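Examination of the molecular architecture
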Amino acid sequence: MQGKGSYQANTYNLEFEAEIQRLKAQVLLSWEKEARTLKWFGLADGMNVLEAGSGPGFFSEKLLELLPNSSVTAVEIDPVLHEKAVGYLEDKAGDRVNHVQASVADTGLDDNTFDFAIARLLFVHLPDPVAAAREIFRILKPGGKLVIVDSDADLFWLTNPPLSVEIIREKFKEAIASRNGNLSIGRNLCRILKEAGFVNVDLEAVVSHSDIIGIEAFEPLLDSGPILQMVKQGLITESEIESYLVSRDEFVAAGDRLMMSFWLMACGEKKSTDISDNSQAFSQQ
Ligand SMILES: C[S@@+](CC[C@H](N)C(=O)[O-])C[C@H]1O[C@@H](n2cnc3c(N)ncnc32)[C@H](O)[C@@H]1O
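Summary of the structure given here. (Residues numbered from 1 in each chain as written. Predicted model: local features only at pLDDT ≥ 70, side-chain atom pairs only at ≥ 80, totals over all residues. Heavy atoms only, no water.)

Things to note about the site of the ligand
Near the ligand there are 17 residues, and of these Gly53, Glu76, Ser103, Val104 and Arg120 occur at the shortest range. The backbone of Gly53 places a nitrogen or oxygen atom 2.7 Å from a nitrogen atom of the ligand. One nitrogen or oxygen atom from the side chain of Glu76 is found 2.5 Å from an oxygen atom belonging to the ligand. In terms of residue class, the shell around the ligand is made up of 10 nonpolar, 4 polar and 3 charged. (Near = heavy atom within 4 Å. Polar contact = N/O pair within 3.5 Å; in protein donor to acceptor, adjacent residues only side chain to side chain. Nonpolar A, V, L, I, M, F, W, Y, C, P; charged D, E, K, R; others polar.)

Observations concerning the side chain of Asp78
Residue position: Asp78 is located in the loop between β2 (71-76) and α4 (79-93). On the accessibility criterion, Asp78 (17% relative accessible area) is buried. Polar side-chain contacts of Asp78 include one of 2.8 Å to the backbone nitrogen of Val80. (Helix = DSSP H or I, 4+ residues; strand = E, 2+ residues; numbered from the N terminus. Buried < 20%, exposed > 50% of the residue type's maximum accessible area, 1.4 Å probe, protein only.)

Quick look at the layout of surface pockets
Size it by volume and the second largest pocket reaches roughly 170 Å³. If you go around the second largest pocket, the residues you meet are Leu28, Leu29, Ser30, Trp31, Glu32, Lys33, Lys62, Val207, Ser208, His209, Ile212 and Ile213. Secondary-structure elements contributing two or more residues to the lining of the second largest pocket are α2 (16-41), β7 (199-209) and α8 (210-213). The element best represented in the lining of the second largest pocket is α2, accounting for 6 residues. Across the lining of the second largest pocket, the residue classes tally to 6 nonpolar, 3 polar and 3 charged. (1 Å grid on protein atoms, 1.4 Å probe; cavity = no way out; pocket = protein on both sides within 12 Å on 5 of 7 lines; lining within 4 Å. Points joined across faces, edges and corners; volume = space filled by probe spheres on them.)

Some details on the nonpolar core
Counting 30 residues, the largest nonpolar core has Leu50, Phe123, Ile136 and Leu146 as its most contacted members. Secondary structure elements with two or more residues in this core: β1 (48-52), β4 (114-120), α5 (129-139), β5 (140-150), α7 (189-195) and β8 (258-269). Residue contacts for Leu146: discarding those within four places in its chain leaves Ala117, Ile118, Ala119, Ala133, Ile136, Leu140, Leu193, Phe198, Ala266, Cys267 and Gly268. (Core = buried A, V, L, I, M, F, W, Y, C linked by side-chain atoms within 4.5 Å. Contact = heavy atoms within 4.5 Å.)

With respect to empty space enclosed by the protein
Across all of its chains, the model carries 1 cavity of 30 Å³ or more by this definition. Here the largest cavity is characterised by a volume of approximately 60 Å³. Forming the boundary of the largest cavity are Thr11, Tyr12, Phe172, Ala175, Ile176, Arg179, Pro226, Gln229, Met230 and Gln233. Among the elements of the structure, α1 (9-12), α6 (166-178) and α9 (225-232) are those that each provide at least two residues to the lining of the largest cavity. Looking at the lining of the largest cavity residue by residue, the classes come out as 6 nonpolar, 3 polar and 1 charged.

A few points about the environment of Ala131
With respect to the element layout, Ala131 can be found in helix α5. Through-space distance from the C-alpha of Ala131 to that of Glu195 is 9.3 Å; in sequence the pair is 64 residues apart.

Points about unusual backbone geometry
Leave glycine aside and you will find that most residues have negative phi; peptide bonds, for their part, are mostly trans. The linkage connecting Asn160 with the following residue, Pro161, adopts the cis geometry, with an omega of -5°. With respect to the helices, strands and loops of the structure, Pro161 is situated in the loop between β6 (157-160) and α6. Positive phi outside glycine occurs at Phe156, with the angle close to 35°. Along the polypeptide, Phe156 turns up in the loop between β5 and β6. The phi dihedral of Asn200 falls on the positive side, at around 50°, and the residue is not glycine. Here Asn200 is to be found in strand β7.

Overview of the packing of aromatic side chains
In total, this model carries 7 aromatic pairs according to the counting rule given. Of the aromatic side chains, those joined through ring pairs into one cluster are Phe156, Trp157 and Trp263. Lying over the aromatic face of Tyr88, Lys92 brings its terminal NZ or CZ to 3.7 Å of the ring centre. (Phe/Tyr/Trp six-rings, centres within 6.5 Å; stacked < 30°, edge-to-face > 60°. Lys NZ or Arg CZ within 6 Å of the ring centre and 35° of its normal.)

So this is what it looks like as structure tokens:
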């Protein structure tokens, strides 16, 4: 059993509700491109899909809309977020969604169950990402795929005018590491998949740009709640965030401001052991 990871929704932001809205904005920002890439990796309607670390259910909702004949099993460790997702999806998905309150490291789900698994913004927070990937490997069918969506602290955002993020980025890396997460996980995703036994590992980037989707889509992500929460927790001082806050005000006031963000999507396949195993993998009717 793994220890606690680095994400707790009720202490990640100053206000719990602000954190829920931040998660929602993060889903909306890049959903269309993520969906396109998921389909390119092989996600198809009718598949039995696992979503690990599903949070309040905004990404699950999008998956259920994209895949009207699929069922989605949403595994979430946090009992409050689990309940929130149950309530949020109740009228939207009926019995096509199956909620499991468990750790991704020990789901209790049966071997060889899912055609496709997605873990979005989860592995960054896990104390033992390879163990989690192995557990997903176990519950995927032969021929099934896992896509891990995460970023990397040194990619994350580019802006004009530039935001002064150097100090807070380093402090965030330290804070997440002290809670057993890894903010630089993006560069390690391929190795994690290979170590867990996946083959045909591939990596794509999803880029969102304000010149394409509008600057408004990015604004909720500039919520300073997570940074102010770090100040409250004594992980960073007020003087250390000052240059960031000044640059953020300048950024918000700039008429021609732009912002881009990068998610990485790594995909691995659970190899079929022999030709007869191919029959277990998903085939569209
Ligand atoms: C940053 S949120 C992302 C939520 C959602 N995937 C999304 O993209 O909006 C990370 C989620 O993973 C959950 N989580 C963290 N550790 C977990 C674990 N070991 N097993 C299952 N879920 C976990 C958190 O409670 C949280 O809901």
